[in-house]
Amino acid sequence: MSSPRELRTAASASSSPYREVRIPVRDDPHAECSSPDVFTIPPKNASIERLRRWRKATFALNATRRFRYTLNLKLEEREKLLCKIRTHSQVIRASILFQRAAPATNGGASEGQINGYGIGQERLTTISRDHNLSALEERGGVQGLAKLLKTNLEKGIGGDDSEIVCRKNAFGANTYPRKKARGFLTFLWEAWQDLTLIILMIAAVASLALGIKTEGLKEGWYDGGSIAFAVLLVIAVTAISDYKQSLQFQILNEEKRNIRLQVIRGGRRVEISIFDIVVGDVVSLNIGDQVPADGILISGHSLEIDESSMTGESKIARKDQRAPFLMSGCKVADGYGTMLVTGVGINTEWGLLMSSISEDSNEETPLQVRLNGVATLIGIIGLTVAGFVLVVLLARYFTGRTKNSNGTIQFIAGKTSLGKAVDGAIKILTIAVTIVVVAVPEGLPLAVTLTLAYSMRKMMVDKALVRRLSACETMGSATTICSDKTGTLTMNQMTIVEAYVGGGRLNQSDNDELISSAVRSLLLEGISHNTTGNVFAPENGGAEEVTGSPTEKAILSWGVKLKMKFDEERSKTSVLHVFPFNSEKKRGGVALLVGGSEVHIHWKGAAEIILSSCTRWLDQDGSVHQMDEDKASYFKKAIKDMAELSLRCVAFAYRLYDMKDVPRDEEQREQWMLPEDDLIFLAIVGIKDPCRPGVKEAVQLCQGAGVKVMGRSSPNDKLLLVKALRKKKHVVAVTGDGTNDAPALHEADIGLAMGIQGTEVAKESSDIIILDDNFASVVKVVRWGRSVYANIQKFIQFQLTVNVAALIINVVSAVSSGDVPLNAVQLLWVNLIMDTLGALALATEPPTDHLMHRNPVGWSEPLISNIMWRNLLLQALYQVVVLLTLNFGGTSILHLKHDNRDHAEKLKNTMIFNTFVLCQVFNEFNARKPDEINVFSGVRRNRFFMGIIAFTVILQVLIIEFLGKFMSTVRLNWKLWLVSIAIAFISWPLAIIGKFIPVPKKELGKFFLDYTTKCRNSCSRCCRGTSSRKELMTSHNPHMVFQNTIFWQSNHIDCSDPTSGMGTS
């Protein structure tokens, strides 16, 4: 069975009725070649091998948590195998059904009343699932089945609440059981899987046992107990944060599944949720729609269904009375029709499929993978530092160089008991492991998930539903937006404002006084039949309700103004064949049998195309004239004039056809190509669609942000445009609503489907759905995309500042004095501030207008910019200098020389710990605005940020004043509190001063890259000359040999290859 990822891919690939537009899954071409870095993946459709490669290169202490929000590769391979098995099972199923094709012995009349209906759920499900045509015919076909289900095929079911409940009780609801979501205890268990936390818990238990043994229960449990409590607090806070993220994703997934569609109830078309479909409903199907339930075709025209999501085969199935069965979950590839719902929910194959597979849509994003690379690098450095500290502390301890705060030596060989020696070694191990906990930023990659979850939830408020996580961040890098005009830049509220009928222009578009009855009759005949819309006339005589696409509604509304009685017009003639409107040919046609012998073929479509097929025209009296050059020029000028007024031009034409030339056989008629030449021109209308308010400002905002906006092109041109722009290294976003837009949506870096007018095929191929079809919402998505990247950079700057400061302070102290000022429990608290709380505070910053005053961030841009390096190094250097000064001279600076030595040491270390934490609190404000002077801008609006700051400060006060036993701290008087606050406060003016320090425009990474390129170019010139590597290595000058050996080895250049070093890096 297919995974949701495969089903999405299948839908995207088979989104068009034309097989040649299938797009294979591929890695991004320029992302693939531009960076060989293992921690770089394309934003869409990365290969399994590439995903596996970065996982192998990642250094993670808690792999379960680190890879939680990534694709389960083992499950993905298993699902592919099941997909193949399912495809073969369909073949076996077909052969079994063929063998059972003999007429059944039990008729429909003998079934009796079941649950108030003439057929039971089990029998109905069997007919639908087995595609049992003979059983359907025994019950009188779709008409007979509709009677058994108490459904009127023209008016549908009544639709009142009691009837809906009754049908759900009898035949089930259109939902399926989903696998139970992971509970809080699961997240608690995953948070516990961190290797360092497990080591700390073991150390805490050992310390607890030794402490109680040597000092008794009353005093001996503090050291071990405090470490255990701190570890449990870290686990609890981590689990709560992760669980909340999971709940947000669940809510968003529910929104993705909630498809809206049209059904006929009580004679009118109403829009309902797919979950509200019931057996007996009459559903309208149009090109691009998803079949919402199992059903039987009532009527249809050129209806073709893409069943690849269910059968695994890419073949398009044509549906007619010989093959009327429709399967839930399939897509309408072409044509339109209506169906009678016969199976919903778990009683459909789609429902069984979806209930049996995991719906986790986890995927890694490019930024998440890059952050795993950063975390791996920092983690290796931290592990190295921790190992160095461990070796130094153990060496000093066992050589008798480590002293207690009162000056006594902690370990004396041959005198110190085994228990005390082990206890001392455990404390040293605990410190080293805690340094690893602080140094390895496990929360860094998960901060992406946190900010994405926050952004996705807020984007819903801004009318954007994110279907693919990576699209959130990729949108921030968008350099070009290819937008549709109709419905996106315009309001999609179309009205006919100009009309040419009978060879002349009407002074008012709906003035029919100059139109003869013959012309009006032909025009209304075409309008009422050549449409997928509908006009509902209430029985109480109220205003008529027009439904359909915006263009269809405009034309039907114009017909109503011309006194068209929709149902009456349609009852006058019978439909012989329909050519559904096609965006490729830009026209649609219908063949009608009029009066039992005369055939009229009506065409409607793009004015210039219809006009080119006309050889005659109809005047206002109904007389037919030849289309001479003057009249053709007149109509062409009318079309041009309307186009210059930004009106959409639609033309109407018809022709007579001989009944004897119409295919008699129904199967031949299905393949009949309606003649589209020798047409008689009837009318041209100009449809106005006003521009949306705010679009001009939104486009200007994009242009100011370095984003190019391109509008209006055909689906094929749009696809070519996307491919060309991506080859030029542009990051392209595309909007679309039609089925033929699906290839461009799939090919683009970010596909944006319209939520109101968009087909299900377009939505399945997209990454983000714009719920209000408004271009201004697209610009908001750009802001949120940039916000994701900016928030991650803020968090990185904050976290690296803590990392650098904590590591340097502990390393220098360990090497110089054999002790560290920050113990294990204090470091765990710092880790909690830095990791979980810091991510919550900084990753949830809302976007600002400042983000739209800069150019897009390219994929190759380094995560740590020069501005960030300046900020974090300045703050880290300040903290290191101040805290090391306190560490080595705190006793005299704080006037503690006359205090008890043990108390003075604890007070000094408490002061260091308190100042260090407060520095992080103040620096958290600095991290909000890395490149702005005013770091407090908008801070009051971010209540979440202020809440976390308040929580951190309150807890810090409680730790210092009341939890000294646990944290190995002592109380500070108000003067020392003021000193700590003053030291931390200096980080604010220091940050302001630092922002006036200029930084090079060229990123540090690019600087080194250019330097390496210059070296390689120099090498290539040497290779082309007489000084080859071999000659240099055999030189008699040993100094020269040494220098050149180092040069080539450091640049990894093989000079045995004359082309080495000549290419670009």
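What counts, and where the lines are drawn
- Residues numbered from 1 in each chain as written.
- Predicted model: local features only at pLDDT ≥ 70, side-chain atom pairs only at ≥ 80, totals over all residues.
- Heavy atoms only, no water.
- Helix = DSSP H or I, 4+ residues; strand = E, 2+ residues; numbered from the N terminus.
- Buried < 20%, exposed > 50% of the residue type's maximum accessible area, 1.4 Å probe, protein only.
- Contact = heavy atoms within 4.5 Å.
- Areas by Shrake-Rupley, 256 points an atom, 1.4 Å probe, with all protein chains shown as cover.
- Core = buried A, V, L, I, M, F, W, Y, C linked by side-chain atoms within 4.5 Å.
- Salt bridge = Lys/Arg side-chain N within 4 Å of Asp/Glu carboxyl O.
- Pairing = 2+ DSSP bridges.
- Axes fitted to C-alpha atoms, helices over the stretch in contact; angles between N-to-C directions.
- Bend = angle between axes of the 7 residues up to and from the residue.
- Parallel < 35°, antiparallel > 145°, perpendicular 65-115°, else oblique.
- Left-handed = near helix turned anticlockwise from the far one by under 90°.
- Nonpolar A, V, L, I, M, F, W, Y, C, P; charged D, E, K, R; others polar.
- Phe/Tyr/Trp six-rings, centres within 6.5 Å; stacked < 30°, edge-to-face > 60°.
- Polar contact = N/O pair within 3.5 Å; in protein donor to acceptor, adjacent residues only side chain to side chain.
- Right-handed = clockwise from strand over helix to strand, strands pointing away.
- Patch = residues over 30% accessible without salt bridge, like charges linked within 9 Å, V, L, I, M, F, W, Y side chains within 5 Å.
- Expected span 1.5 Å × (residues − 1).
- pLDDT = per-residue confidence, 0-100.

**Student:** So what's going on with the overall build of the chain? Residues and values would help.
**Tutor:** Within the chain, the secondary structure is distributed over 39 helices and 24 strands. Within the chain, buried positions represent 56% of all 1065 residues. When contacts within the chain are restricted to residue pairs at least 6 apart in sequence, those whose partners lie at least 24 apart make up 74%. When the accessible area of the chain is evaluated, it comes to approximately 46,800 Å², of which 58% is carbon and sulfur surface.

**Student:** So what's going on with the nonpolar core? Residues and values would help.
**Tutor:** Residues Ile-768 and Phe-775 are the most contacted members of the largest nonpolar core, which totals 149 residues. With 20 residues, the top contributor of residues to this core is helix H29 (residues 775-817).

**Student:** Describe the environment of Gly-373, listing the residues and the values that go with them.
**Tutor:** Relative to the helices and strands, Gly-373 is located in helix H15 (residues 366-398). Along the chain, Gly-373 and Phe-39 lie 334 residues apart, while their C-alpha atoms are 5.6 Å from each other.

**Student:** Can you break down the side chain of Glu-569 residue by residue, with the values?
**Tutor:** Inspection of the secondary structure puts Glu-569 in helix H21 (residues 566-572). Assessed through its relative accessible area of 11%, Glu-569 is described here as buried. Contact partners of Glu-569, with chain neighbours within four places excluded, come to Leu-524, Glu-525, Ser-528, His-529 and Met-564.

**Student:** Requested: an account of the pattern of salt bridges, with residues and values cited.
**Tutor:** Pairs can form between side chains of opposite charge whenever their charged atoms are close. In this structure the tally under the stated criterion is 28 salt bridges. The shortest N-O distance in the salt bridge between Glu-49 and Arg-52 comes to 3.4 Å. Of this pair, Glu-49 and Arg-52 both sit in helix H3 (residues 48-57), three residues apart, roughly one helical turn. The class of Arg-52 is partly exposed, set by a relative accessible area of 23%. Asp-641 is the partner of Lys-637 in a salt bridge, and the nearest nitrogen-oxygen pair spans 3.0 Å.

**Student:** Let's hear about the sheet that holds strand S9 (residues 480-483): which residues, and what values?
**Tutor:** Reading across from one edge, S8-S24-S23-S22-S9-S21 is the order of the six strands in this open sheet, with mixed pairing throughout. Both outer strands of the open sheet, strand S8 (464-466) and strand S21 (708-711), are each paired with one neighbouring strand and no more. This sheet shows a mean twist of 20° between the axes of neighbouring strands, independent of strand direction. Taken together, the four bridges between S9 and S21 define a ladder with parallel strand orientation. Counted as the bridge partner of Ile-481 is Val-709 from S21.

**Student:** Now, about helix H31 (residues 866-893): what can you tell me, with residues and values included?
**Tutor:** Along H31, the sharpest change in direction is near 60° and occurs at Asn-887. After H31 finishes, the residue His-895 shows a positive phi value of roughly 55°.

**Student:** How would you explain the environment of Pro-675 if you had to name every residue and give the values?
**Tutor:** Tracing the backbone through its elements, the reader meets Pro-675 in the loop between helix H24 (666-670) and strand S20 (679-688). The spatial distance from the C-alpha of Pro-675 to the C-alpha of Ala-591 is 9.5 Å, given a sequence separation of 84 residues.

**Student:** Outline the packing of H31 against helix H32 (residues 901-928), supporting the account with residue identities and numerical values.
**Tutor:** It is the contact of H31 with H32, at a shortest axis distance of 10 Å, that shows an interaxial angle of 165°. Taken together, H31 and H32 sit at an angle that is classed as roughly antiparallel. Like other packed secondary-structure pairs, H31 and H32 cross with a definite hand, here right-handed. Taken together, the residues of H32 that come into contact with H31 (itself represented by Gln-875, Gln-879, Leu-883, Leu-886, Asn-887, Gly-890 and Thr-891) are Lys-908, Asn-909, Met-911, Ile-912, Thr-915, Phe-916, Cys-919, Gln-920, Asn-923 and Asn-926. Of the residues that constitute the contact of H31 with H32, the class distribution is six nonpolar, 10 polar and one charged.

**Student:** Talk me through the packing of aromatic side chains; I want residue IDs and the actual numbers.
**Tutor:** Under the definition given, this model contains 22 aromatic pairs. Consider the rings of Phe-184 and Tyr-243, whose centres lie 5.8 Å apart with planes at 75°: the pair is edge-to-face. Residue Phe-184 is found in helix H10 (residues 184-192), and its partner Tyr-243 is found in helix H12 (residues 222-257); the two are separated by 59 residues along the sequence. An aromatic cluster is defined as three or more aromatic residues linked by ring pairs; in this entry it consists of Phe-922, Phe-925, Phe-936, Phe-945, Phe-985 and Trp-988.

**Student:** Give me the side chain of Lys-718: which residues, what numbers.
**Tutor:** Take Lys-718: it is sitting in helix H26 (residues 715-727). The class for Lys-718 is buried, based on a relative accessible area of 2%. Polar side-chain contacts of Lys-718 include one of 2.9 Å to the backbone oxygen of Thr-735. Sequence-distant contacts of Lys-718, defined by excluding residues within four places in its chain, comprise Asp-484, Ser-713, Val-734, Thr-735, Gly-736, Asp-741 and Ala-744.

**Student:** Please provide a residue-by-residue account of unusual backbone geometry, values included.
**Tutor:** Here the phi dihedral of Asn-492 falls at roughly 60°; this positive angle occurs in a residue that is not glycine. For Asn-492, a relative accessible area of 15% translates into the label buried. Of note in the backbone geometry, Asp-773 takes a positive phi value of approximately 60° without being a glycine. What makes Asp-773 buried here is its relative accessible area of 2%.

**Student:** Explain the pairing of strand S22 (residues 732-736) to me, and be specific about the residues and the numbers.
**Tutor:** The buried fraction of S22 is high, at five of five residues. Along S22, one buried face is formed by Val-732, Val-734 and Gly-736 and the opposite face, lined by Ala-733 and Thr-735, is buried too. Sheet topology note: the S9/S22 ladder contains three bridges and is parallel. By the bridge assignment for S22, Thr-480 is matched with Val-732. For S22 and strand S23 (residues 750-754), the ladder comprises four bridges, and the chain directions are parallel. Bridge pairing in S23 links Ala-733 to Ile-750. Crossover S22 to S23 through helix H27 (residues 742-747) is right-handed.

**Student:** Describe the pairing of strand S16 (residues 598-606), with residues and values.
**Tutor:** The two faces of the sheet receive side chains in turn, since in a regular strand these alternate between them. Buried residues dominate S16, accounting for eight of its nine residues. For strand S15 (residues 587-594) and S16, the ladder comprises eight bridges, and the chain directions are antiparallel. Paired with Leu-592 across the strands is His-600, a residue of S16. Connecting S15 to the next strand, S16, in antiparallel fashion are three residues, including Gly-595 with a positive phi near 65°. Here eight bridges tie S16 to strand S19 (residues 648-657), and the two strands are oriented antiparallel to one another. Opposite Ile-601, over in S19, you have Arg-655 as the bridge partner.

**Student:** Give a description of the packing of helix H19 (residues 517-529) against helix H20 (residues 550-561) that names residues and reports values.
**Tutor:** The packing of two helices is summarised by the inter-axis angle and the distance between the axes. Relative orientation of the contacting elements H19 and H20 amounts to 145°, with a least axis distance of 10 Å. Helix-helix and strand crossings are classified by hand; for H19 and H20 the assignment is left-handed. Residues Leu-523, Leu-524 and Ile-527 of H19 pack against Ile-555, Leu-556, Trp-558 and Gly-559 of H20. Class assignment for the residues of the contact of H19 with H20 results in six nonpolar, one polar and no charged.

**Student:** Outline a nonpolar patch on the surface, supporting the account with residue identities and numerical values.
**Tutor:** A contiguous nonpolar patch, built from Ile-954, Leu-958, Phe-962 and Leu-963 and spanning about 380 Å² of accessible area, is present on the exposed surface. In this structure, Leu-958 sits in helix H33 (residues 943-962). Classification of Leu-958 as partly exposed rests on a relative accessible area of 35%.

**Student:** An account of helix H11 (residues 195-220) is requested, with residue identities and associated values reported.
**Tutor:** An ideal rise of 1.5 Å per residue puts 38 Å on 26 residues; H11 reaches only 26 Å between its terminal C-alpha atoms. Along H11, the largest kink reaches about 100° and is centred on Thr-214. Buried within H11 are the following residues: Thr-196, Leu-197, Leu-200, Met-201, Ala-203, Ala-204, Ser-207, Leu-210, Gly-211 and Gly-220. Each element contacted by the buried residues of H11 is listed here: H10, H12, helix H16 (418-439) and helix H30 (824-842).

**Student:** Lay out the confidence of the model for the chain with the relevant residues and their values.
**Tutor:** Within the chain, residue pLDDT values average 80, and 84% of them lie at 70 or more. By mean pLDDT, helix H39 (residues 1038-1051) is the weakest element of the chain at 32, and helix H35 (residues 974-985) is the strongest at 95. With pLDDT under 50 throughout, residues 1-36 is counted as low confidence; its partners more than four residues away or in other chains account for 100 contacts. Note on residues 1026-1065: pLDDT is under 50 here. Beyond four places in sequence and across chains, it has 39 contacts.

**Student:** Outline the environment of Val-970, supporting the account with residue identities and numerical values.
**Tutor:** Along the chain, Val-970 turns up in the loop between helix H34 (964-967) and H35. Remark: the alpha-carbon pair of Val-970 and Ala-904, spanning 66 residues in sequence, is separated by 9.7 Å. The residues touching Val-970, leaving out its near neighbours within four places in the chain, are His-903, Lys-906, Leu-907, Thr-910 and Ile-960.

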